[in-house]
Amino acid sequence: MSEILSELHQVLESRKGADPDSSYVASLYAKGLNKILEKVGEEAVETILAARDAEVSGDNQAPVSYTHLTLPTTPYV
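Note that this is a predicted model, so its numbers are computed, not measured.

Examining the pattern of salt bridges
Step number 1: Under the criterion given, the structure shown has three salt bridges.
Step number 2: A salt bridge links Glu 13 to Lys 16; the shortest N-O distance between them is 3.3 Å.
Step number 3: A relative accessible area of 32% means that Glu 13 is categorised as partly exposed.
Step number 4: For Lys 16, a relative accessible area of 28% gives the class partly exposed.
Step number 5: We note a salt bridge from Glu 42 to Lys 39, for which the minimum N-O separation is 3.0 Å. Of the two residues, Glu 42 and Lys 39 are both situated in helix H3 (residues 33–57); the distance of three residues between them amounts to about one turn of the helix.
Step number 6: Relative accessible area serves as the criterion here: at 32%, Glu 42 is assigned to the partly exposed category.
Step number 7: Take Lys 39: its relative accessible area is 18%, and that puts it in the buried class.

Procedures and definitions
Residues numbered from 1 in each chain as written. Predicted model: local features only at pLDDT ≥ 70, side-chain atom pairs only at ≥ 80, totals over all residues. Heavy atoms only, no water. Salt bridge = Lys/Arg side-chain N within 4 Å of Asp/Glu carboxyl O. Buried < 20%, exposed > 50% of the residue type's maximum accessible area, 1.4 Å probe, protein only. Helix = DSSP H or I, 4+ residues; strand = E, 2+ residues; numbered from the N terminus.

Set out below in structure tokens:
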């Protein structure tokens, strides 16, 4: 698992300087830390609601957001 996260971290780092029009990650970095935190918050709420719905329906799928992984790679943290 740590190898996968390491590879994903490398991809995120490589996309920091990409064109924001062609890279979701670059667009987040271009908008700054507050936008990244806002997106992390949105994804966290969606994950919590999905977990709640999974508990009610018996479905155990609660998505983990790719957006969360952009946070530790920001130059602000």
